[in-house]
Amino acid sequence: MDTAEMIREDIDSWETVIFLYNAALKEVNTKLEILNDEFRHIHKYNPIEYIKTRIKSPESIVKKLKRYGYEDSIENMVSYVNDIAGVRLVCSFTSDIYRLAEMIGKQSDLTVVSVKDYIKHPKESGYKSFHMLVTVPIFLSDRVVDTKVEIQIRTIAMDFWASLEHKIYYKFEGNAPEYISRELREAAGIVSNLDEKMLQLNKAILEAKASQEKAEKGYEYN
Ligand code: 0O2
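The paragraphs below set out a description of the structure included in this document. (Residues numbered from 1 in each chain as written. Predicted model: local features only at pLDDT ≥ 70, side-chain atom pairs only at ≥ 80, totals over all residues. Heavy atoms only, no water.)

**Quick notes on helix 3 (residues 58–68)**
Heads up, the rule is: Three labels apply to residues, based on accessible area from a 1.4 Å probe with only protein chains included: buried if under 20% of the type maximum, exposed if over 50%, partly exposed otherwise in between. Going along the chain from the N terminus, every DSSP run of H or I of four or more residues is numbered as a helix, and every run of E of two or more is numbered as a strand. The directions from the helix axis to the C-beta atoms are what the arc is built from. Contacts were defined at the residue level, with two residues in contact if any of their heavy atoms lie within 4.5 Å.
Taken together, the buried positions of helix 3 are occupied by Ile61, Lys64 and Leu65. Down the axis, helix 3 shows its buried residues gathered within 100 degrees of arc, on one side only. Those residues of helix 3 that are exposed and angled more than 90 degrees off the buried face are Glu59, Lys63, Lys66 and Arg67. On the buried face of helix 3, the contacting elements are helix 2 (14–43) and helix 4 (74–80). Gly69 lies just past helix 3 and shows a positive phi near 85 degrees.

The following block contains the structure:
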């Protein structure tokens, strides 16, 4: 059963819906923490720098429904607003993003509904991030409800840009002067260059460390 079916059956209160989305956030958050811990345990490396979770505000939900041309009802909200429960994974390098997306895709109790790769295909604004819409089963006392969660995966640099751009855009309510949009796109380009530079540097550091270790081992045997 999904959230919309559950609402059609009997439950139509805002509190119940928010309870479900909160439960879904907890499930996904715990899952991601375990994946991160396992990765650290095996590879001595953290792919996730930090995790943020949020429930979309009622004002933003209503705005989105209006933008899509739907009336504001609980049924429309669970059917058409996919990011009511949102998890943001922030990592160091772009390579971590795809590694995490693959790990999430392999979780047998998560269903990947859709994927949007705004890293390979950035938005007009310059926005970059990897989005996955998943459903997670929430086990209640008498039923199981598949609940949607949007997972956004991005680097620290992408997160820095997106957070500031979001604030600036909100100040203009989407109608920023052209030169501001242009400069934000330019800043997004700088962020991409920085991400690329840090990725290359990290590769160089790992290679240098590996050859140093190899040389030290060789020295021990002689
Ligand atoms: P907030 O405040 O973060 O909740 P869909 O969800 O598929 O029906 P939508 O909304 O176009 O359609 O989905 P998309 O493109 O996956 O974007 C959803 C979220 O991604 C946004 O939620 C933002 O969090 C983020 N996002 C998308 N585009 C941009 C952008 O240009 N700049 C920034 N800073 N963030 C962006 P909300 O509802 O807009 O906001």
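**Things to note about the pairing of strand 4 (residues 130–139)**
Quick note on the threshold: Two strands make a pair as long as DSSP finds a minimum of two bridges between them.
For strand 4, the tally of buried residues reaches nine of 10 residues, placing the bulk of the element in the interior. Bridging between strand 3 (residues 111–117) and strand 4 involves six bridges; their strand directions are antiparallel. Paired with Lys116 across the strands is His131, a residue of strand 4. Sheet topology places strand 4 next to strand 5 (residues 144–155); 10 bridges connect them, and they run antiparallel. Looking at strand 5, one finds that Ile138 is bridged to Val145. Once strand 4 ends, the chain turns through four residues before running back antiparallel as strand 5.

**Thoughts on the side chain of Lys31**
Examined against the element boundaries, Lys31 turns out to sit in helix 2. Using a relative accessible area of 16% as the deciding quantity, one classes Lys31 as buried. Not counting the four nearest positions on each side in its chain, Lys31 is found in contact with Gln107, Asp109 and Leu110.

**Some thoughts on the nonpolar core**
Going by this rule: Nine residue types can take part in a nonpolar core, namely buried Ala, Val, Leu, Ile, Met, Phe, Trp, Tyr and Cys, and a core is a set of them joined through side-chain atoms within 4.5 Å.
Membership of the largest hydrophobic core comes to 39 residues, with the highest contact counts inside it found for Leu89, Ile104, Val149, Ile151 and Ile153. Of all elements in the fold, only helix 2, helix 3, helix 4, strand 2 (85–91), helix 5 (94–105), strand 4 and strand 5 reach the threshold of two or more residues within this core. In terms of residue count, the dominant contributor to this core is helix 2 (10 residues). When sequence neighbours within four positions are dropped, the list of residues in contact with Val149 reads Ala24, Leu25, Val28, Ala85, Val87, Met132, Leu133, Val134 and Val136. By size, the runner-up hydrophobic cluster in this structure holds 10 residues, among which are Tyr118, Ala157, Ala176 and Ala188.

**Focus: the packing of aromatic side chains**
Operational definition: In this scheme Phe, Tyr and Trp rings, the latter by its six-membered ring, pair at centre separations within 6.5 Å, and the angle between planes marks the pair as stacked below 30 degrees, edge-to-face above 60, and tilted otherwise.
Considering all chains together, one arrives at four aromatic pairs under this definition. Judged by centre distance (3.8 Å) and plane angle (5 degrees), the ring pair of Tyr70 and Tyr80 falls under stacked. Of the two residues, Tyr70 is situated in the loop between helix 3 and helix 4 and Tyr80 in helix 4; the sequence distance between them amounts to 10 residues. What makes Tyr80 partly exposed here is its relative accessible area of 34%. Where Tyr98 meets Phe130, the ring centres are 5.5 Å apart and the plane angle is 75 degrees; that geometry is what we call edge-to-face. Pair noted here: Tyr98 is in helix 5 and Phe130 is in strand 4, with a separation of 32 residues, a long-range link. Under the relative-accessibility criterion, Tyr98 is labelled partly exposed at 29%. The exposure class of Phe130 is buried, given its relative accessible area of 7%.

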